[in-house]
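Each chain, letter by letter, is given below.
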Amino acid sequence: MLLPRVSIQTRDFDLGAEVAALRASDGSVGAVVSFIGTVRDRNGAQGVSAMELEHYPGMTERSIEAMIDAAFQRFDMRAARVVHRVGVLQPLEQIVLVAVTSAHRGQAFQACEFLMDYLKTQAPFWKKETTPDGAHWVDARVSDDEALQRWGIAGVGNAAP
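If you're wondering where the values come from, they're calculated on a predicted model, not measured in any experiment.

Any chance you could break down helix H1 (residues 15-23) for me, citing the residues and the numbers?
If you check which residues of H1 are buried, you get Glu18, Val19 and Leu22. Mapping the buried residues of H1 onto a view down its axis gives an arc of 95°, with all of them on the same face. Elements that come into contact with the buried residues of H1 comprise strand E2 (31-38), strand E6 (77-85) and strand E8 (94-102). N-capping of H1 is provided by Asp14, with a side-chain oxygen placed 3.0 Å from the backbone N of Gly16. Ser25, located one to two residues past H1, shows a positive phi value of around 65°.

Pasting the structure below:
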């Protein structure tokens, strides 16, 4: 079964199943690199009991598809898959999967990192953390914008809705 390159969903995902589907029937794949982001129970010194992720349906998928297209122009990739969860998530739950296949590991590592740097700064997601002081929207981090700049892309960050 051919999976879409981008899935925005509330349900969890299975790394093994995602990678198997991504590399199925492609004998030229020599490397698979994946990244999974999870909900931490802390943000700095502040405890986090939940995180809520929101997005603009349709716009989010188109934005990530364009980012994958840009990755294909930069790197020698065979395939890519981005799964991003939305809704209310608890500490330790998976949030995001970025998986890339390539003939060689170097290109796969770079492409995966490029896609993750893009997601952290440019994809239209907003997150709200619930802490002992209440719920609050999380601002973009300067370090995430700086990571994106090394790819020659100016970071604009995501403001809270």
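Any details on unusual backbone geometry? Residues and values, ideally.
The backbone of Ser25 shows a phi angle near 65°, a positive value even though the residue is not glycine. As for its position among the elements, Ser25 is in the loop between H1 and E2. Accessibility expressed as a relative area gives 84% for Ser25, which makes it exposed. In this structure, Leu92 takes a positive phi of about 85° despite not being glycine.

Tell me what's going on with the pairing of strand E10 (residues 134-137), and back it up with residues and numbers.
As defined by bridge partners, strand E9 (residues 125-131) adjoins E10 across four bridges and the pair is classed as antiparallel. Its bridge partner lying in E10, Thr131 is registered against Gly134. Hairpin connection of E9 to E10: two residues between the antiparallel strands.

Kindly report on the nonpolar core, identifying the contributing residues and their values.
The biggest cluster of nonpolar side chains holds 32 residues, and the ones touching the most others in it are Ile64, Ile68, Val98, Val100, Leu115 and Leu119. Top contributing element to this core by residue count: helix H3 (residues 105-121), with eight residues. If you look at the next biggest cluster of nonpolar residues, it comprises six residues, including Phe13, Leu22, Ala79 and Ala99.

Reading the values: rules and limits
Residues numbered from 1 in each chain as written. Predicted model: local features only at pLDDT ≥ 70, side-chain atom pairs only at ≥ 80, totals over all residues. Heavy atoms only, no water. Buried < 20%, exposed > 50% of the residue type's maximum accessible area, 1.4 Å probe, protein only. Helix = DSSP H or I, 4+ residues; strand = E, 2+ residues; numbered from the N terminus. Arc of directions from axis to C-beta. Contact = heavy atoms within 4.5 Å. Polar contact = N/O pair within 3.5 Å; in protein donor to acceptor, adjacent residues only side chain to side chain. Pairing = 2+ DSSP bridges. Core = buried A, V, L, I, M, F, W, Y, C linked by side-chain atoms within 4.5 Å.

By themselves these figures say nothing about function.
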